[in-house]
Number of protein chains: 2
Amino acid sequence: MANTDAVSVRVFSLNCWGIHYLSKHCPQRYAMIGEMLSKEEHDVVLLQEVWSEKDYLSLKKKLASSHPHSHYFKSGVIGSGLAIFSKHRIHDTFVYRYSLNGYPYMAHHGDWFGGKAVGMAVLSIGSLTANVYVTHLHAEYCRDKDSYLPHRVVQAWELQQFIRHTSAGADVVILGGDLNMHPQDLGNRLLRTYTGLKDSYLETPKFEGCDEGLTLIADNPFISKKELGPFEKGIRIDYILFKGSPKTDISCDFMCTTKGSVPDHPFPYSDHEALTAELRLKTHTPSDTGSGSGSQSKKQDSPAEKVAELVDIVTEARTEVKVGLHCAEGMRYTAARTGVMGFALLILELAIAAVPWLALGAEQPFPRTSFYLLAALCFAILLTTSLLYIFYTMELKSLQGAEDQMRLAVGSLQEKLRGFPLAQQYNPQRRPPEGQEPSAFDPEE
Amino acid sequence: MANTDAVSVRVFSLNCWGIHYLSKHCPQRYAMIGEMLSKEEHDVVLLQEVWSEKDYLSLKKKLASSHPHSHYFKSGVIGSGLAIFSKHRIHDTFVYRYSLNGYPYMAHHGDWFGGKAVGMAVLSIGSLTANVYVTHLHAEYCRDKDSYLPHRVVQAWELQQFIRHTSAGADVVILGGDLNMHPQDLGNRLLRTYTGLKDSYLETPKFEGCDEGLTLIADNPFISKKELGPFEKGIRIDYILFKGSPKTDISCDFMCTTKGSVPDHPFPYSDHEALTAELRLKTHTPSDTGSGSGSQSKKQDSPAEKVAELVDIVTEARTEVKVGLHCAEGMRYTAARTGVMGFALLILELAIAAVPWLALGAEQPFPRTSFYLLAALCFAILLTTSLLYIFYTMELKSLQGAEDQMRLAVGSLQEKLRGFPLAQQYNPQRRPPEGQEPSAFDPEE
């Protein structure tokens, strides 16, 4: 089965900004996108923010001959907005919904309703199995005071977990999407260092497109200067990442982005720039394949510096999650306190109304309108704070869960650093050295 | 690294029924469980329904020397209730939350609040990597009219996806938990056939315990006869499943269950029986390992009958999901209709109150108390139906997502059956035969 011929795979990624009635020229832009995709015939097309299933279905119809295989990832209230179109047979799909994704009451930010997720499709490209992932992380609305940072870090954590654990059987791994993170942001480092995924923009010998590979640029007519803040020219937050396996080498031959406009059209495809990467896959001869299978065994081969770097990054992520935990605890406490106050107010009101009535048997002295309005207010407070309390409890659980996993990961990485062999010899009588091992795994830490 | 010596691994699974104040003798039973576990020293302990983290932490303390490694999987409002204790180092953990899990308003059933999930832990057992999974699916409250069946089928679908996709790098896969499904139930067949997991009870040459391996039995003092319905003696819904890999053989030497009582104690550990399986792992010599790595490649080797069986099972599951879809659509429609009626009532009330007031400038003729009560009722209806509408929309998305994936899977399996090679030769000009391929992938189907 194995062949040594190189295979070229063209991957496309675009955040389509497909919010009907809200984002500008939505139907026209979809028409442009469909036209371009059917002409360009990329091997794999990864789209984000395709919020309406109708738009997906019309693209599917338009691309029926160029991309016969496709999948739309459903999740949340509105959907994940993620879609994949492929020339190559899609054998299997799987979706992982991030446990944290903003707040439902921040409706104007809308992320919560989108049900952000990572979608995976297992493709056959020639004789190779390719795991292709598409995702869209929580947006960053204010970089200086980013209240969603812990959520995005946990999403990056779950994304790297999902890719690492599901890609062991794959020959090639490709991830495309809008990560909403700058190249050196914590979540991005976490993702790339842990999974070993490489950035097409940094790897390609030949690049055409915006300076520094920016994907959200000031020259795009849909972008306001204000949005970009201190980054006058723009920011790079959309990526195509890739990695090979012991069986397969992968490299990037060429990469390009759009530059804020489309020839012969009055406006660009989206507020984000579109990315295209030409990847080259090369299968080893069968004799080279014995060394291991996938990321888990690959990790064992990584040098100590990489593990040390990983420990630092995970520790940094853990700190960020702790900040989020602290914040969520505060919010939950506030919700609980407000709820108790609403309840106390209700009791007080009932007492004020009931006492004269019971004692004197007289007409209700409390003005009726005020009485009902106040009671309605109390009930509204109680209901809202109860819902918020439940929501914050779920947020806390997710943050605690991520923090637990990070602590475990740091412990495991540190052990590796200390030079213990990863796979210990089996010995049922073995006990850990007293007072040394457990510290890294102590939940009370 | 490879050795041909067999390694014995003892796995324990128990649904702890740990609902404080609701389940009987909870603290005493946890004390019994802790005592037994620290004495028995199983290699891997998989617990379900450990709803309180305090109980987990006290078990952790008690088992610090016998099981130095442990993890508690957090999720949802209350938690997933899943815990793992291990003699062997846990390197990594991951949790997948099922997209469907009952209804929040069915509070007396409580499943929704539990945030059911599947937890995964990557263990080193000797030189082998073992992926250990623990899960607890939605309970079955009424077998004849099981309104949760589509939810449980989707959970089983997601469980098999999760295990299949995350276990490609593992030498050994072990799953323990309360599946809430009888041995021949649809979800159980789906899980076992798709993943290739084997049932310890069916595989073991030596068994001690309840007749037919039952795990929820009439002889257990915490079980009421009524609960078991037509299954007078009991049902088998807890399992320890396992599979090996091309590198490792696995078999079950011995299995046992408790029998509704514990010697020298007035009551059993739980309302479920505890399961123990002694598994034997055997590594092949390195020369045998070339054949492939994990489930994806294993699937290719499976005979046509198995694929045909799988097509039947997935088709059956798809039908069940469609029933759920139909039902959820009906519920959403009812919620929308009720909401519209509430809104109409509010408008009507305002009109009745406003018209005479506007026209005659007279005193409000509508009795104030009734006015406010009716308005409050309308608002309550509007709020409730809005929340329900959002919830049913999410349910629909999840059901549709699972149905899409199942359709894709059936298409992929049918192609395999038709004798096409799974991994096609790469040819960028290839088009699918008109009118043949797309039918299996048509979302309008």
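Here we summarise the structure given alongside this text. (Residues numbered from 1 in each chain as written. Chains lettered and ligands numbered in written order. Predicted model: local features only at pLDDT ≥ 70, side-chain atom pairs only at ≥ 80, totals over all residues. Heavy atoms only, no water.)

### Some words on the packing of aromatic side chains
One pass over the structure, following the stated rule, counts 34 aromatic pairs over all chains. A centroid spacing of 5.9 Å and a plane angle of 70° characterise the contact between F391 of chain A and Y392 of chain A, whose relative ring orientation is edge-to-face. As far as the burial class goes, F391 of chain A and Y392 of chain A line up, both buried. Ring plane angle 70° and centroid distance 5.8 Å describe the contact between W157 of chain B and Y194 of chain B, whose orientation is recorded as edge-to-face. With a gap of 37 residues between them, W157 of chain B in helix α4 (residues 149-166) and Y194 of chain B in helix α5 (residues 186-195) connect regions that are remote in the sequence. Y194 of chain B carries the same exposure label as W157 of chain B, and that label is buried. Members of the aromatic cluster, each reached through a chain of ring pairs, are F94, Y96, Y98, Y133 and F162 of chain A together with F94, Y96, Y98, Y133 and F162 of chain B. Across the ring face of F222 of chain A, the terminal group of R29 of chain A is positioned such that the distance to the ring centre comes to 5.6 Å. Taking NZ or CZ as reference, K206 of chain B lies 5.1 Å from the ring centre of F254 of chain B, over its face. (Phe/Tyr/Trp six-rings, centres within 6.5 Å; stacked < 30°, edge-to-face > 60°. Buried < 20%, exposed > 50% of the residue type's maximum accessible area, 1.4 Å probe, protein only. Helix = DSSP H or I, 4+ residues; strand = E, 2+ residues; numbered from the N terminus. Lys NZ or Arg CZ within 6 Å of the ring centre and 35° of its normal.)

### Let's talk about the side chain of Q155 of chain B
Residues and elements named next belong to chain B. With respect to the element layout, Q155 can be found in helix α4. Within the structure, Q155 has its side chain in polar contact with the backbone nitrogen of H138 (distance 2.8 Å). In this view, Q155 contacts Y98, L100, N101, K116, L137 and H138; residues no more than four positions away in its chain are not counted. (Polar contact = N/O pair within 3.5 Å; in protein donor to acceptor, adjacent residues only side chain to side chain. Contact = heavy atoms within 4.5 Å.)

### Notes on the sheet that holds strand β6 (residues 117-125) of chain A
All names here are of chain A. Strand order in the open sheet formed by six strands is β5-β6-β7-β8-β13-β9, and the pairing between neighbours is mixed. Strands with a single pairing partner mark the edges of an open sheet, and in this sheet they are β5 (90-97) and β9 (198-199). Sheet topology places β5 next to β6; seven bridges connect them, and they run antiparallel. Its bridge partner being in β6, V95 is matched across the sheet by G119. Relative to strand β7 (residues 128-136), helix α4 (residues 149-166) is tilted by about 170°, and along the sheet it contacts β5, β6, β7 and β8 (172-178). Against the sheet, helix α5 (residues 186-195) makes contact with β8, β9 and β13 (238-243), and its axis sits at roughly 15° relative to β13, the strand it touches most. (Pairing = 2+ DSSP bridges. Axes fitted to C-alpha atoms, helices over the stretch in contact; angles between N-to-C directions.)

### What about the environment of Y239 of chain A?
Residues and elements named next belong to chain A. Mapping Y239 onto the fold places it in strand β13. By relative accessible area, Y239 is classed as buried at 2%. On a C-alpha basis, the gap between Y239 and D178 in space is 6.5 Å, while along the polypeptide they are 61 residues apart. Setting aside its immediate chain neighbours within four residues, Y239 contacts S13, L175, G176, G177, L179, M181, H182, P183, N188, D199 and L275. Looking at Y239, its side chain comes within polar contact range of the main-chain oxygen of M181, at 2.7 Å.

### Considering the sheet that holds strand β2 (residues 44-48) of chain B
All names here are of chain B. The strand order across the open sheet formed by seven strands is β3-β4-β2-β1-β15-β14-β10, and the pairing between neighbours is mixed. Both outer strands of the open sheet, β3 (69-73) and β10 (207-208), are each paired with one neighbouring strand and no more. With eight bridges joining them, strand β1 (residues 6-15) and strand β15 (residues 275-283) adopt antiparallel strand pairing. Its bridge partner lying in β15, A6 is registered against K282.

### A few points about helix α1 (residues 26-40) of chain B
Residues and elements named next belong to chain B. A rise of 1.5 Å per residue sets the reference length of α1, with its 15 residues, at 21 Å; its end C-alpha atoms lie 21 Å apart and thus fit the reference within 8%. Summarising the contacts, the buried residues of α1 are in contact with β1, β2 and α2 (53-62). Phi for E41, located one or two positions after α1, is positive at around 50°. (Expected span 1.5 Å × (residues − 1).)

### Structural notes on the pairing of strand β13 (residues 238-243) of chain B
Residue and element names in this part refer to chain B. Among the six residues in β13, six count as buried, and that is most of the element. In the sheet, strand β8 (residues 172-178) pairs with β13 via six bridges, with the strands oriented antiparallel. By the bridge assignment for β13, L175 is matched with L241. In this sheet, β13 lies alongside strand β9 (residues 198-199) in antiparallel orientation, the contact comprising two bridges. Of the residues in β13, the one forming a bridge with K198 is F242.

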